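# Remarks on the overall topology
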Amino acid sequence: NAGVMQNPRHLVRRRGQEARLRCSPMKGHSHVYWYRQLPEEGLKFMVYLQKENIIDESGMPKERFSAEFPKEGPSILRIQQVVRGDSAAYFCASSQRESHEQFFGPGTRLTVL
Amino acid sequence: QQPVQSPQAVILREGEDAVINCSSSKALYSVHWYRQKHGEAPVFLMILLKGGEQKGHEKISASFNEKKQQSSLYLTASQLSYSGTYFCGTERGDGLTFGKGTHLIIQP
């Protein structure tokens with residue numbers, strides 16, 4: 001049973017470009033969460049999705065950031081017109097249901113030049 | 001609201017015990033504990049849902065007080081593999097809000 005998969009593992013973008021981060025949850029998991037982690041800091045919640053629905057996006061910046069979890073395929077976190085401050089590790093987690101343990105993927109480390 | 005973790009860092013010798021605390025000014029829905037090693041993803045340790053609940057696995061256990069405002073993680077007879085950063089996460093019915101973490105260093 002494969003765990004949570006994220007790709008790419010490392011992504012380098014120049015300022016102004018777009019970054020697309022993908023997350024495939026564990027088999028049987030329909031809840032997906034995205035977190036951002038800056039160096040030497042804790043994880044910050046960004047968005048919580050179920051299939052085709054955004055449940056809570058209170059942690060997402062209002063501009064340039066969007067997320068989706070389509071009926072088919074992985075969840076996508078999209079960052080438009082990236083800036084240097086977007087450089088961070090982005091982790092995806094999945095769970096079977098609410099109030100259940102969340103399993104984390106290996107993360108995507110985004111570097112904006 | 002971000003939970004407060006203490007201490008910020010702990011240095012132990014192998015075999016010693018440690019306690020990591022996680023507290024909030026408001027009652028929490030649940031508490032999740034994770035360990036993260038440098039450059040790796042957080043790994044789930046345990047979740048506590050009920051006030052007064054205690055859970056344990058081998059030499060790592062946790063408690064959730066009756067008022068559900070504080071949780072403690074207990075590491076007994078620590079091993080080198082316990083080194084890492086420990087995060088508590090509190091749930092608001094959606095994603096987790098994590099504390100800033102407690103760095104645990106185990107020396108041989």
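Report follows, based on the coordinates. These numbers were taken from a predicted model, which means no experiment stands behind them.

With 24 residues of chain B in contact, the opposing surface of chain A contributes 22 residues. The tally of links between chain B and chain A comes to 0 salt bridges. Counting the contacts that link chain B with chain A gives 4 residue pairs in polar contact (both at pLDDT 80 or more). Every element with two or more residues in the side of chain B that touches chain A is listed here: strand 4 (31-36), strand 5 (43-48), strand 9 (84-91) and strand 10 (96-98) of chain B.

Once that is clear, we can look at the pattern of salt bridges. Residues and elements named next belong to chain A. Applying the stated criterion across every chain, the model contains 4 salt bridges over all chains. E18 is the salt-bridge partner of R78, the closest N and O atoms lying 2.9 Å from each other. On the criterion of sequence distance, the pair formed by R78 in strand 8 (residues 75-79) and E18 in the loop between strand 2 (10-13) and strand 3 (19-24) is long-range, its members being 60 residues apart. The class of R78 is partly exposed, set by a relative accessible area of 26%. Classification of E18 as partly exposed rests on a relative accessible area of 30%. One salt bridge in this structure joins R64 and D86, with 2.7 Å as the shortest N-O distance. Here D86 lies in the loop between strand 8 and strand 9 (88-95) and R64 lies in the loop between strand 6 (53-56) and strand 7 (65-68), a separation of 22 residues in the sequence. In this structure D86 comes out as buried when scored by relative accessible area, which is 3%.

Attention now goes to the pairing of strand 2 (residues 9-13) of chain B. Residue and element names in this part refer to chain B. The alternating pattern of strand 2 places V10 and L12 on a buried face and A9, I11 and R13 on a face that is not buried. Taken together, the 5 bridges between strand 2 and strand 11 (residues 102-107) define a ladder with parallel strand orientation. Its bridge partner lying in strand 11, A9 is registered against H103.

Calculation rules
Residues numbered from 1 in each chain as written. Chains lettered and ligands numbered in written order. Predicted model: local features only at pLDDT ≥ 70, side-chain atom pairs only at ≥ 80, totals over all residues. Heavy atoms only, no water. Contact = heavy atoms within 4.5 Å. Salt bridge = Lys/Arg side-chain N within 4 Å of Asp/Glu carboxyl O. Polar contact = N/O pair within 3.5 Å; in protein donor to acceptor, adjacent residues only side chain to side chain. Helix = DSSP H or I, 4+ residues; strand = E, 2+ residues; numbered from the N terminus. Buried < 20%, exposed > 50% of the residue type's maximum accessible area, 1.4 Å probe, protein only. Pairing = 2+ DSSP bridges.

This is a description of form; function is not addressed.
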